[in-house]
Every structure is written in C-alpha cells, then in structure tokens.
Amino acid sequence: MTSIARTVAIRRGRQRSAAGTDRVARPGFAWALPATVFFLLFAIVPLVLVAVLSFVSWGGLGSPQWAGVSNWTKLFHDPVMLQSLWLSLLLTVLGVAVQTPVSIFIGVWAAGYQRNRAVLSAIYFVPLLLSATAISVLWRALLDPNFGIPSQARWLFGSGNLLGSQAGAMGVLVFVGAWQYTPFHTLIYQGAARAIPRVLYQAAEIDGAGRVRQFLHITLPQLRNAMITSMILMVVGGLTTFDTVLILTQGGPGTDTTISAYYMYRKAFQGFDFGTGSAIALLLVVVATIISLVVVRISGYDKMRSMAEGV
Amino acid sequence: MGLAACGSSGGVPKQATSGSFHVLVYGDATNKVEQEVVAQFNKTSKVKAVLDTIPGADYQAKLQTIIGTQQAPDVFFNWGGGSISPFVKAGLLLPLDDMIKSNPKLKSSFLPSVFSSAEVNGKSYGIPMRGTQPVLLFSNTKVLKSAGISQPKTWNDLLADVSALKAKGVTPIALGGGDQWPTQMWFEYVYDRIAGPDLLQKALSGDKSAWASSDSKKALTVLKQLIDAGAFGKNYDSVKFTDNGSPKLLATGKAAFELMGSWDYSTLQSISPDFVKTDLGYGAFPSIPGGKGDPADVVGNTNNFYSVLKTTKYQAAIAKFLTLMYSDQFVKEQLSIGNLPTTTNTRQFISTAAASPAYDQFQYGLVQKAPSFALSWDQAYPPSDSQPIRTAVQQFFDGQIDQNGFIQAMQSLSTS
C-alpha cells in the first residue's frame, strides 16, 4: 500500500516538473488560441453550414426544406457534374505540368545576382500584381478572332475560334493561368535556389561536374521541398479556378469548360439551387483534401526531412 | 404566408399615413430618371418613397436573397413573366387588380401586349416602367449596297443575301455566340414565325410535347439550313456581344447583319457614332412562308415592371406612386435618355423628346402593331432553367447535339 502510494506521488511529482519545464521551454496552447478561434469561426463553422445546406432544398426564398440525400444522388447521376470533376482535374494537371518546369528554370536563373536579372525579374513579376479579372478581360480582347492577335496571324490561328472548341478553350485557360501564376511559383524557386549552400557547387566543380550535372544532381534534389509546396498550391489553385472561366468561356462552348467551381456557382447563384451548390462545394473540399494528402504522402513531405541532411 | 395569399378582395387596403416605402431598382444609367420620379412624388406625398439601387450584374441574385426577409423592398424592378413567377408562387406579391379597379388608367395607359407579360395566372403583378426592348435585325447599309442586296423581307431573301455576302467575302451575320443569349434570339424568332406564340405558351404551361411537335422540328430544320449555309461564319463562339465584339463587326463592315435587342442602337452609338449616322439600317425579322406565326410578332424584353410586395404597409401611397409611370413627365424623361416607354401617350412625344425620332417611331410602331410580344425564353422560364436553355442553344448551333438532342434538352426543363 505505502509503496504504491509513494510511486504515484513520485509520478505526479515528475509529471508536474515535466509540465513545468514545458511551460518555460515552449509556448502553451494559449498562444494558438486567437488563430484557432478565427479558424473555427471563418473556416470550420461555414464548412459545417455548407455541409448542412447540402442536405436541404433551398432556392433562397422562404425556409429551406429538408431533402435528405437527394441533392447528392442527383449529383452523382448528373453527367455535367462528372464531366466537371474530370475537367477540374485535367485543368489542374495541365497547370502543374506547364507551370512547374517553367518556374523552376526561371526561378533558378533568377537566383543569380547580376543586376539585369533583378530588373528582368521585376518586369516578369507584373502579371501576378494584376487581378485575375483584369487579366481575363485583357486576354479576351487579345484573343478576339476578328480584332485581336488571331486576325493578324491567320497562318497560325486559322479562323481564330480559340474559345469555340473544347481543346482551344482549355488551352487558353491553361495558358492564361500559367501566364498569371508562374511568376509566383518562380519566386518560391528563386528563394529556394538561393538557399542552397554554395559549398555544394564548389565541391562539384572540383570534381569536374558541368552545369547540367550540377543542376540535375544538386539543384533539383535541393529544390524538393519547394517543389512540393509549390505543387500543392498549384493543385488547390487549379481546383478552385473560377474567375478566368467566368469571364473567358462562361463554361462554354456548351458545357465543355464547366469546371466544378464554376458549376457550383452556376447551380447556386444562377439557378438558385443552393442545396446542390453546397453539395458541389463540399465535394470539392473533399477532393482537394485527398489530392493534397496524396501529394504530401508520395513526396515524403510529412516526414519533414531536413534540407541539410546528407550534406 | 398562405393565409394572406388567397385573393380576398374588398378588404380595406393596408395603409399607413406616415413613414416611407422602399423602391428597389436595377442600378445603371437609367437611375437618373427614377431618382427624379421619386423626388417628384415626395414633393406632394406625406408617405415618402426611398430609392435603393443594386448594381446590374448582382441585381437578380441579391433580390432573390432579400425578398423573403425583413430587408425586402416594398416595390421592386423586374422583367415580368418568369422573373416574378417564383415570387408569385411563394405568395410574396400583391395582385394589382384591386388597384386597377379603382384606377383603370393603371392598365389602360399601357400597350396591351406589354402589360400582359407581367400577368401570372390571369392576375396583374406589374406596372410597366422604363422602355421596351424588341429584338430587331440591324444591318450595315454600306455593306448591303456593295453586295447589291437590301434588308430581307422573307426567309428566302435572307438566304439569298447570305450567299451574296459570302461571295463578297463578308461574314453575313455577326453573332456574339460566346454570350449564348444572342444565339437564343435566333431560335425565339424562327420558332415564333413557324409555330406562332402558342408553342412557347404550351411548353411553359408544362406540356412538354410541344417541343417534339412537327412545328418545332421544322423550326430546327430551318435554323440548321441557315447555320450550314455559313451565315454566321466559323468563329462566332469566340465572339461576345458584352465586350462589343459583335457590334464592332457590324460597325466596321466585317459583317452585314446583327440580330439584337433595341439597345444595340446605343451600343453602336458608343462604338461608332459616324456609322450610326450614315450606314445603320434596321428592320423587322423576316417572315417565313408557310409559318403559323404572324410576321408582325415581336420577341424580346417587353419592358421592365414595378411589382409590389404583399407585406407592404403603404398600398395607398404606392398606388399613387405607380400612376407616375404613365405621366407625360416620365415619358419625356425616358425618351430623352434613349428609352422607349410603352404608354399610349408615348407617340406624341417621340418627335420632340427622343434621341433619334425615326428609330423610336419605327420601334414604337413595331411594338404597337405586334399581335404578340414574346418574352425571351430565358426570361419566360424560371431562373434555374436559363443556363440549360442557353447551353442547348449553343450546342445545337455548334452541331454538338442534333434535333432530338435539342428537343430532349428543352423537355427536361422544369416548368413552374
């Protein structure tokens, strides 16, 4: 009896002292409280509300009617919805495939220190400063088949009906997205490239490695974490693309570029079917979360391996 | 809500003798006139009117979200027809028949074809305001002359014009297919000319077999003939009206015709005043031989309307406010900014007050003589249908769906 009581007392003492040192060494939960409250209020609460809305039938008039899972069953039998998910994924994959190599090359190039590079980088950065709406309006005018670039370069564009076919319209969306967001990802790679220890390159030079080998065996592996960060941002951005679609194609021709985010808007705010709109929104959250998790898992980012490891 | 909904007339209208009621309108340049009307009303009334505006692009969505709540206005702007039928169904709107009974001029002062487009289930729910917007066939007379043709009177004229223009290397008809609703206008007219206005009415009332009728199929065949003749060129889906793409084609002579609402006049004026002055032509939509529809029929937006909410406490004051919509002052002010009001007294002011008397005279005659003024399909159907209609229309033009595909798409619409 007494010995047990003593052990318990000792344990308690240890716990207390452990907690005590913790409090001194690391900030407690209280530090995270404001951010957590904001996150709950502006992210979790709306998310729960959207989840509830996805089970009602509501046109904005009167009170919502409980609709069970009917919104969801309708969605899974809706060819436009299935097509829109596929188009969202396609747009995202094409976006990553186009933007990643371009931003890596420009980013690594811009990581140099000559003065002209700084100036060029600054000019190159301009598209990111414009709003997506302004950019879409600008490109619409530039791509006008009768008065824009295609009318001056018939040998390349033919009739100029870029936005009138699925392939053409998707191509324009990918291009405009890349034109706008590549500078941002370039910035990430530029920062990451500048953080690579110079000794690595000096050692490689002594070993007789050329520029290409240096790039492939030092730069690329060292950019790994930056690449994952940038790709997750691209995936989330790609899945939620909206403004360019709204202005450039309006989901057309037909429903050929009706991606999920735009379909959600169309259902909720043009068709006044807030139940179905919410269901699409929730579906997008789930899909984006799954894809992000997959990217993190495949890349090994979750193990948080140090960049300096193995130097 | 259901209790008050049934038409129990005879009761004393709810009226407060002080306070103010809210008038909600689509925010744009026309607000200038509405502000003056409200100011004029407030000069003599104890109950004051307050004008609220919502920027155009957001108007319909915002209206729908507030109309069932405490923030709902007393009087609001709309397009009649399908744009108010969900509100009527929800029991939110006040039938205006009692007001009209005590002041018949609220109805008799307006052109009947216009007034009737805000009637739902035989009851009046709107008083016309602003101007009428019929769809016309605009043309570039210089291009027509150089191709040796004139404004087409019949469908065969139009087909002949198309081949003459193509031989000249000009796009026969400018079309803002990227917006989809300009494409829809071609369907509206061809259907009306071939089947008459009854087909749409039948379809709207829930009889979906109308879309599969032989008239419907004939209309689609005729349209297909025009598309296949190359009347619209190859790249119309990359062109929009809303960014001035198609009007610019007409104004610069790269195209000969454009089918567009009467607002195209002011759009063209802003792009190229010289073109409007010297080379702008306009006419009614061609007749189609053998069709059941009257060649004098018109489609478009009949007008905008003021509707009244049932919950308002100011019925008496609002009844007085609405009488201003047919006042001489109102008509003159609308004409001066290019709108064409649909009151019976409009004609006498056109030559003195209008921005372009000849054009307004033509429009007015067209609307006055029209046996039927059909609402745009996407306005006549409930809002949830407008996107499926526009998609089907575009897909048929592009050949992505055939006759049967189009009929199926129209049959799957919900009717209210």
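First things first, this report covers the structure right here in the doc.

About the cut-offs
Residues numbered from 1 in each chain as written. Chains lettered and ligands numbered in written order. Predicted model: local features only at pLDDT ≥ 70, side-chain atom pairs only at ≥ 80, totals over all residues. Heavy atoms only, no water. Buried < 20%, exposed > 50% of the residue type's maximum accessible area, 1.4 Å probe, protein only. Helix = DSSP H or I, 4+ residues; strand = E, 2+ residues; numbered from the N terminus. Contact = heavy atoms within 4.5 Å. Axes fitted to C-alpha atoms, helices over the stretch in contact; angles between N-to-C directions. Nonpolar A, V, L, I, M, F, W, Y, C, P; charged D, E, K, R; others polar. Pairing = 2+ DSSP bridges. Core = buried A, V, L, I, M, F, W, Y, C linked by side-chain atoms within 4.5 Å. Arc of directions from axis to C-beta. Buried area = accessible area lost by both parts, 1.4 Å probe. Salt bridge = Lys/Arg side-chain N within 4 Å of Asp/Glu carboxyl O. Polar contact = N/O pair within 3.5 Å; in protein donor to acceptor, adjacent residues only side chain to side chain.

### Thoughts on helix 3 (residues 59-66) of chain B
So, step 1. If you check which residues of helix 3 of chain B are buried, you get Y59, L63, Q64 and I66 of chain B.
So, step 2. On its buried face, helix 3 of chain B is in contact with strand 1 (20-27), strand 2 (48-55), strand 3 (75-78) and helix 4 (85-89) of chain B.

### Observations regarding the packing of helix 4 (residues 79-110) of chain A against helix 5 (residues 115-124) of chain A
Residue and element names in this part refer to chain A.
So, step 1. Relative to each other, helix 4 and helix 5 sit at 145°, their axes nearing to 10 Å. Taking contact as the criterion, the partners of I106, W109 and A110 in helix 4 are, on helix 5, R117, L120, S121 and Y124.
So, step 2. For the contact of helix 4 with helix 5, the residue count by class is five nonpolar, one polar and one charged.

### Regarding the pairing of strand 7 (residues 133-140) of chain B
Residues and elements named next belong to chain B.
So, step 1. For strand 7, the tally of buried residues reaches eight of eight residues, placing the bulk of the element in the interior.
So, step 2. Here strand 7 shows a buried face lined by Q133, V135, L137 and S139 and a second buried face lined by P134, L136, F138 and N140.
So, step 3. In terms of strand pairing, strand 7 meets strand 9 (residues 255-261) through five bridges, oriented antiparallel. The partner of F138 across the bridge, within strand 9, is E258.
So, step 4. For strand 7 and strand 10 (residues 280-283), the ladder comprises four bridges, and the chain directions are antiparallel. Residue F138 lies in a different strand from strand 10, and its bridge partner there is Y282.

### Points about the nonpolar core
So, step 1. Formed by 87 residues in total, the largest nonpolar core has its most connected members in W155, W186, F187, W211, L226, F232 and F406 of chain B.
So, step 2. In terms of nonpolar packing, the next biggest core, distinct from the first, is built from 49 residues, W79, L93, L94 and V120 of chain B among them.

### Looking at helix 7 (residues 132-142) of chain A
All names here are of chain A.
So, step 1. By the burial criterion, the buried members of helix 7 are A132, I135, S136, W139 and R140. For helix 7, the arc enclosing every buried residue in end-on projection is 135°, short of the 170-degree limit, so these residues lie on one face.
So, step 2. For helix 7, the secondary structure elements touched by its buried residues are helix 6 (126-129), helix 10 (166-194) and helix 14 (243-249).

### Digging into the interface of chain B and chain A
So, step 1. At the junction of the two partners, chain B supplies 33 residues and chain A supplies 26 residues.
So, step 2. Both sides of the chain B and chain A interface together cover about 2,300 Å² of buried area, and 51% of this is carbon and sulfur.
So, step 3. Considering only the surface of chain B that becomes buried against chain A, Q64, N235 and S238 of chain B emerge as the three largest contributors, covering 24% of it.
So, step 4. Of the charged contacts, one joins D243 of chain B and R140 of chain A as a salt bridge, the two residues approaching to 2.9 Å between their closest N and O atoms.
So, step 5. Counting every contact that joins chain B to chain A gives 13 residue pairs in polar contact (both at pLDDT 80 or more).
So, step 6. At the level of elements, helix 3, helix 4, helix 13 (245-251) and helix 21 (383-398) of chain B are the ones that each hand at least two residues to the side of chain B that touches chain A.
So, step 7. Looking at the side of chain B that touches chain A, the element that brings in the most residues is helix 21 of chain B, giving seven residues.
So, step 8. Across the side of chain B that touches chain A, the residue classes break down as nine nonpolar, 16 polar and eight charged.

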